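Now for the letters of each chain:
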Amino acid sequence: MARPDVAQARRLVVKIGSALLVGPEGLRLDWLHALAADVAAARARGADVILVSSGSIALGRRVLGLPAGALSLEQSQAAAAVGQIRLARAYEEALAPHGVTTGQVLVTLEDTSDRRRYLNSRATMQTLLALGVVPIVNENDTVATDEIRFGDNDRLAAQIAVTIGADQLVLLSDVDGFYSANPKEDPAAIRFEVVERITPEIEAMAGDPISGLSKGGMKTKLMAAKTAVAGGCAMAIMEGSVPRPLRALSEGANCTWFLPEGDPQAARKRWIAAMKPRGEVMVDAGALAALAQGKSLLPAGVTKVSGQFGRGDPVAILGPDGAALGKGLTRYTAPEARAIAGHRSAEIEGILGYPGRAALIHRDDMVI
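These numbers come from a predicted model, not from an experiment. (Residues numbered from 1 in each chain as written. Predicted model: local features only at pLDDT ≥ 70, side-chain atom pairs only at ≥ 80, totals over all residues. Heavy atoms only, no water.)

For the rest of this paragraph, the subject is the nonpolar core. If you look at the biggest cluster of nonpolar residues, it comprises 36 residues, and the most contacted ones within it are Val13, Leu169, Met235 and Phe258. Where this core is concerned, the elements lending two or more residues are strand E4 (48–53), strand E5 (101–107), helix H6 (115–130), strand E6 (133–139), helix H7 (153–163), strand E7 (168–173), helix H9 (217–230) and strand E9 (234–239). Apart from residues no more than four positions distant in its own chain, Leu169 is found in contact with Val13, Ala157, Ala158, Ala161, Ala228, Cys233, Ala234, Met235, Ala236 and Trp257. Judged by nonpolar contacts, the second largest core, of 35 residues, contains Val22, Leu35, Tyr91 and Val134. (Core = buried A, V, L, I, M, F, W, Y, C linked by side-chain atoms within 4.5 Å. Buried < 20%, exposed > 50% of the residue type's maximum accessible area, 1.4 Å probe, protein only. Helix = DSSP H or I, 4+ residues; strand = E, 2+ residues; numbered from the N terminus. Contact = heavy atoms within 4.5 Å.)

Shown next, in the form of structure tokens:
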């Protein structure tokens, strides 16, 4: 089967490992500026780009003069605090000459596992992308503890890709793909060009890290692939130290592509459809017609709210006759939804005392 073409991506997530970005002398600025040219080229052809970047701790420990080897949690958090600002500035300075605005987004595992926080982070990144910004995402190492950590940016990148509906994810790594065995130990190991389905046999091939430089290793990359493809996102693993790695990938550089299960929007709709509703909202004839045209559900079209639910919880959407129309993730709590039901979006601030989102349920969070 033909492998995907990164030049055709509509929404692209790129994960950058620490070893690519930070060397013995500090930031690899030549490489970063070459990557920035790739990002600018993708933006110029109309793609949204999100960068998930490691490197804050590696940069910060150099500035603080921390010793080589494992750091304590407190030392890692201090290094991240110092390094993160330098990392963000480096991306800003690399992309600004191309006319690209950057924004920093720091997340933890809790931000994607908690539905309310998930919707918050998703809405923020969707808005940044709509405004033409390239988000620079990293785990919030300054506050994250072991209990709320992803622990590696491979899985974080996959979760971000699913969260924002990306169609392609590229892991820029220190290996040039997924192998049947560790090629440094087994000369007969073969690299897969395309993995159509992640079978138990494929999972068994993911052994220890090949180079020792990657924190996550091949097992976590395969875990990332499972998350990505289930969310309708194709994922590539490639050796990223070459200049202009995304251009090299498009021109046929060695890599392994994991093919998606459907498309991102269909995968998200399946996820929402499988949820158990925590409440119900009934809509009028006007809202019914708007929903049939693929529009969001506004408070003005809601005639009744029942149940107890929080922001981000799934609710059933009922027609004027009480018939089930579908499900969606609400952007308001049940008391808030009752208060604004039947009112225009411009009236929300006056009713609730603070500005809210225009839609009660956004079309991207709905299945009809």
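Moving on from the model shown.
Before going further, it helps to spend a moment on the sheet that holds strand E13 (residues 314–318). Sheet architecture is open: five strands sit in the order E12-E11-E13-E14-E15, paired in mixed fashion. Of all strands in the sheet, those with a lone pairing partner are strand E12 (302–307) and strand E15 (366–367), marking the two edges. Where strand E11 (residues 279–283) and E12 come together, five bridges link them in antiparallel fashion. Opposite Glu280, over in E12, you have Ser306 as the bridge partner. Taken strand by strand, helix H11 (residues 264–273) contacts strand E14 (324–329) and E15, and its axis lies near 105 degrees from that of E14. (Pairing = 2+ DSSP bridges. Axes fitted to C-alpha atoms, helices over the stretch in contact; angles between N-to-C directions.)

Attention shifts here to the sheet that holds strand E1 (residues 11–16). The strand order across the open sheet formed by eight strands is E5-E6-E4-E1-E7-E9-E10-E8, and the pairing between neighbours is mixed. The open sheet has two free edges, formed respectively by E5 and strand E8 (194–195), since each of these has just one partner strand. Sheet topology note: the E1/E4 ladder contains six bridges and is parallel. For Val14, the partnering residue across the bridge sits in E4 and is Leu51.

One can find Ala225 in helix H9. For Ala225, a relative accessible area of 0% puts it in the buried group.

So, about helix H12 (residues 285–292). Measuring from the backbone nitrogen of Gly286 back to the side-chain oxygen at the start of H12 gives 3.2 Å, which picks out Asp284 as the cap. Downstream of H12 by one or two residues, Gly294 has phi in the positive range, about 85 degrees. (Polar contact = N/O pair within 3.5 Å; in protein donor to acceptor, adjacent residues only side chain to side chain.)

Attention shifts here to the state of the cysteines. Inspection of the entire model under this criterion finds zero disulfides. The closest cysteine sulfur to the non-disulfide-bonded Cys233 is located on Cys255, 14 Å from its own sulfur. We classify Cys233 as buried; its relative accessible area is 0%. By relative accessible area, Cys255 is classed as buried at 0%. (Disulfide = S-S within 2.5 Å.)

Their axes nearest at 8 Å, the elements H7 and H9 cross at an angle of 10 degrees. By the angle between their axes, H7 is roughly parallel relative to H9. Side by side, H7 and H9 meet where Asp154, Arg155, Ala158, Gln159 and Val162 of the first sit next to Gly217, Thr220, Lys221, Met223, Ala224, Thr227 and Ala228 of the second. Split into classes, the residues belonging to the contact of H7 with H9 amount to five nonpolar, four polar and three charged. (Parallel < 35°, antiparallel > 145°, perpendicular 65-115°, else oblique. Nonpolar A, V, L, I, M, F, W, Y, C, P; charged D, E, K, R; others polar.)

For the rest of this paragraph, the subject is the environment of Ile202. Within the secondary structure layout, Ile202 lies in helix H8 (residues 200–205). Overall, the relative accessible area of 8% leaves Ile202 in the buried class. When the C-alpha positions of Ile202 and Phe178 are compared, they lie 9.4 Å apart, and in sequence the two are 24 residues distant. With sequence-adjacent residues up to four places away left out, Ile202 is seen in contact with Phe178, Phe192, Val195, Arg197 and Leu222.

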